[in-house]
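Inside the fold
What follows is each chain in one-letter form.
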Amino acid sequence: MSDDDLNRAQFGDLNRGGYESFYLRACRPEGGLGVWIRYTVHRRPGASPAGSLWFTLFDAEAPGPVAAKITVPGPETGGDWLRVAGGRIGAGVAAGEIQLPDGPQVGWELSFTGEDVFPHLPRSWMYRAPLPRTKPVSVHPVARFGGTVTVAGRRIELDGWPGMVGHNWGTQHAERWIWLHGMDFAERDGWLDVVLARIRLAGRLTPWVASGAISLGGQRFRLGGPARARRTVVREEPDRLAFALPGRTLTVRGTVHAPRERFVGWVYADPDGSEHHTVNCSIADLELAVSRPGSDPVILTAPGRAAYELGMRERDHGMAIQPFADG
């Protein structure tokens, strides 16, 4: 598929049910303050699609995140990637607002530019095939944002904030998944963008399979893939992750973590009616060690500038879940 095809909304082809998400995150350059915004479509088999706007402000100096969500019928595309509830996201622009009678009043007017598309799946035919059921793409694996975010009367100016823009769609969420993103390392230019998943096949849960890349000095190095699943190490908890991600020429090991009060929890629904609990912190602390044969590891850190998301079936994780249904 071409870059234009990867950016194009896909929900019109999901007649048997599916979901789609365009999303972004942006973080203050020094970390500790960030936003996470999603524009989504959910379509049950035989039903018309519904669209949702999701918003979270993460602030390390506040008691917890500020979150809001609205769901309406009739998502559209038009000249943008996706339009939902008067909000829009498209090439270089994202805008929207959520006005809830008993919740925070939030709005955003953002512009962005970024690096070229990164397809997480290594072969273009995988984006047309039935498997994997989730198709992840980073429209901009690293981006720079300008504009404003308003939260309950608080106006926040984004002036060159680093972040990313992503897109995914599919017919079923993975049984368990992780999204990991880091940028603006303190030691050198670069970013890390990885999706990990376990799926259920013939009643059994597969090992973790990673798909992603690390960029160092403008050069991208792919990580993971089914052939490297046995060497992929994942020790996940709702508020932290330790991992080892092998690539062809290097291995990335690291940890990402944040206090529990900095996470937001959501319900993610599948077209078949099942649900996951999903927790996300987009101002987490990331530490990496990048190893190559015959060389000392390169240490990279992104304090308060990383995103960690865990999708799971558990209900006893101890995280507060937002009171918004999905689907």
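One can find the structure itself at the top, above this paragraph.
These notes cover the structure that comes with them. No experiment lies behind these values; they were computed from the predicted model shown.

It is worth spelling out the overall build of the protein at this point. The helix and strand inventory of the protein stands at one helix and 23 strands. The globule rule puts the C-alpha radius of gyration for 327 residues at 20 Å, and the 18 Å found for the protein is close to it. Along the three orthogonal principal directions, the C-alpha set of the protein runs to about 60 × 45 × 40 Å. Across the 327 residues of the protein, 57% fall into the buried class. Considering only contacts in the protein between residues 6 or more positions apart, those separated by 24 or more positions represent 60%. Here the protein has roughly 13,700 Å² of accessible surface; of this, 50% comes from carbon and sulfur atoms. A distance of 8 Å separates the average location of the 37 positive side-chain charges in the protein from that of its 36 negative side-chain charges.

A large share of strand 13 (residues 190-198) lies buried, amounting to seven of its nine residues. Linking strand 12 (residues 176-183) to strand 13, which pair antiparallel, is a turn of six residues; within it Asp184 sits at a positive phi near 50 degrees. Pairing geometry for strand 13 and strand 16 (residues 209-216), over eight bridges, is antiparallel. Pairing of Gly190 across the sheet is with Leu216, part of strand 16.

Cis geometry is found at the peptide bond from Leu131 to Pro132, where omega equals -5 degrees. Tracing the backbone shows Pro132 in the loop between strand 9 (118-119) and strand 10 (134-151). Here Ala85, not a glycine, exhibits a phi torsion of approximately 50 degrees, which is positive. The topology assignment puts Ala85 in the loop between strand 5 (82-84) and strand 6 (87-90). In this structure Ala85 comes out as partly exposed when scored by relative accessible area, which is 34%. A positive phi angle, near 50 degrees, is found at Ala152, a position not held by glycine.

By the definition in use, this model includes 14 salt bridges. Of the charged contacts, one joins Asp80 and Arg88 as a salt bridge, the two residues approaching to 2.9 Å between their closest N and O atoms. The exposure class of Asp80 is buried, given its relative accessible area of 8%. A residue is classified by how much of its surface remains accessible, and Arg88, at 34% relative accessible area, is partly exposed. A salt bridge links Arg240 to Asp239, with the shortest nitrogen-to-oxygen separation between them at 3.8 Å. The class of Arg240 is partly exposed, set by a relative accessible area of 38%. Through salt bridges with shared partners, a single network forms among Asp80, Arg83 and Arg88.

Moving on to the environment of Leu24. Mapped onto the elements, Leu24 comes out in strand 1 (residues 18-27). Along the chain, Leu24 and Tyr39 lie 15 residues apart, while their C-alpha atoms are 9.1 Å from each other. What Leu24 contacts, discounting residues up to four positions off in sequence, is Val35, Trp36, Ile37, Ile89, Ala94, Leu110, Phe145, Met164 and Val165.

On to the nonpolar core. Membership of the largest hydrophobic core comes to 90 residues, with the highest contact counts inside it found for Phe55, Trp108, Ile214 and Leu286. Those residues in contact with Phe55 that lie beyond four places of it in its chain are Val35, Trp36, Ile37, Val66, Ala67, Ala68, Ile98, Val106, Trp108, Val149, Val151 and Trp266. Among the nonpolar cores identified, the runner-up in size contains seven residues, and Leu121, Met126, Tyr127 and Val137 belong to it.

This part covers the environment of Gly160. Along the polypeptide, Gly160 turns up in strand 11 (residues 154-170). Here the alpha-carbon distance between Gly160 and Leu241, two residues 81 residues apart in the chain, equals 29 Å. With sequence-adjacent residues up to four places away left out, Gly160 is seen in contact with Arg144 and Phe145.

Structurally, a disulfide amounts to a covalent bond that connects the sulfur atoms of two cysteines. One pass over the structure, following the stated rule, counts zero disulfides. Residue Cys27 stays outside any disulfide, its sulfur separated by 9.2 Å from that of Cys281, the closest cysteine. Residue classification places Cys27 among the buried residues on the basis of a relative accessible area of 0%.

Inspection of the secondary structure puts Trp36 in strand 2 (residues 33-43). Under the relative-accessibility criterion, Trp36 is labelled buried at 1%. Trp36 sits 138 residues away from Ala174 along the chain, and the two C-alpha atoms are 21 Å apart. Residues contacting Trp36, with those up to four places away along its chain left out, are Leu24, Arg25, Trp54, Phe55, Thr56, Phe58, Trp179, Trp266, Tyr268, Asn280, Ser282 and Glu309.

Quick notes on the rules
Residues numbered from 1 in each chain as written. Predicted model: local features only at pLDDT ≥ 70, side-chain atom pairs only at ≥ 80, totals over all residues. Heavy atoms only, no water. Helix = DSSP H or I, 4+ residues; strand = E, 2+ residues; numbered from the N terminus. Rg over C-alpha atoms; globule rule 2.2 N^0.38 Å. Buried < 20%, exposed > 50% of the residue type's maximum accessible area, 1.4 Å probe, protein only. Contact = heavy atoms within 4.5 Å. Areas by Shrake-Rupley, 256 points an atom, 1.4 Å probe, with all protein chains shown as cover. Lys, Arg positive; Asp, Glu negative; His and termini not counted. Charge placed at Lys NZ, Arg CZ, Asp CG, Glu CD. Pairing = 2+ DSSP bridges. Salt bridge = Lys/Arg side-chain N within 4 Å of Asp/Glu carboxyl O. Core = buried A, V, L, I, M, F, W, Y, C linked by side-chain atoms within 4.5 Å. Disulfide = S-S within 2.5 Å.

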